[in-house]
Amino acid sequence: MNMLSNTSSLSVLSRQIVGPLSRQSTGFRNKHSSTQLKRLFKKNPAARRIENKMGGKVVESPPEVTYQAILEPKLLPNGWNPPPPEDVEIPDYPFKISRTKNKPKDAVGFLPVYSEFRRDGARVTTRIKKVSGDREAFLTELRAALQIPTVNGKDDSIRLRNGGTIEVKGNRAMEVKQWLAGLGF
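In this text the structure is predicted, and so the values were computed from the model without any measurement.

Describing the side chain of Thr100
By the element assignment, Thr100 lies in the loop between β2 (95-97) and β3 (113-118). When near neighbours in sequence (up to four residues on either side) are disregarded, Thr100 contacts Gly109, Phe110, Tyr114 and Lys130.

Section: the pattern of salt bridges
For the structure shown, the criterion picks out 6 salt bridges. Between Glu167 and Arg118 there is a salt bridge, with the nearest N and O atoms lying 2.6 Å from each other. Of this pair, Glu167 sits in strand β8 (residues 166-169) while Arg118 sits in strand β3, and the two are 49 residues apart along the sequence. For Glu167, a relative accessible area of 3% gives the class buried. Looking at Arg118, the relative accessible area reads 22%, which means it is partly exposed. The partner of Arg172 in a salt bridge is Glu175, and the shortest N-O contact between them spans 3.0 Å. Residue classification places Arg172 among the buried positions, given a relative accessible area of 19%.

Reading the values: the criteria
- Residues numbered from 1 in each chain as written.
- Predicted model: local features only at pLDDT ≥ 70, side-chain atom pairs only at ≥ 80, totals over all residues.
- Heavy atoms only, no water.
- Helix = DSSP H or I, 4+ residues; strand = E, 2+ residues; numbered from the N terminus.
- Contact = heavy atoms within 4.5 Å.
- Salt bridge = Lys/Arg side-chain N within 4 Å of Asp/Glu carboxyl O.
- Buried < 20%, exposed > 50% of the residue type's maximum accessible area, 1.4 Å probe, protein only.

Below, the structure written as structure tokens:
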């Protein structure tokens, strides 16, 4: 019994001695530096699982699609699709997508949706250009069409770049083209 009280008082004494040198309030020095702690533990998938289990991140479901497809898109392998027939009435959308121009013999252009591969293919993004009108309505519809949820009120998968270009993470070019062609653009 006396032996246990000596060891506990010894550990308290050692904590008091080591206390000012340590970074934590427990009195023990860390085995890893602060950079190693970030790399090993804070960005670790296990830490993300625990954070999700404890309710750290709030994932909101993607919004509902407001505008339904009015056409069945006919995309060619190169991504071109014919414009909608003139007898089809296209509803008024709050946004507009213009096709590319300057084609030979006044041909109809492509939808301005491009895949971009950076860092030797390790980072793939989809760019959407020539969006005019209400861009926020377009972004909301794009999130709904691609089923992209928002995390903690932020959406890191879709960015509005300078010059009006919209950038989506991942190679989603064919999905975006099918969605836009279905809307009648």
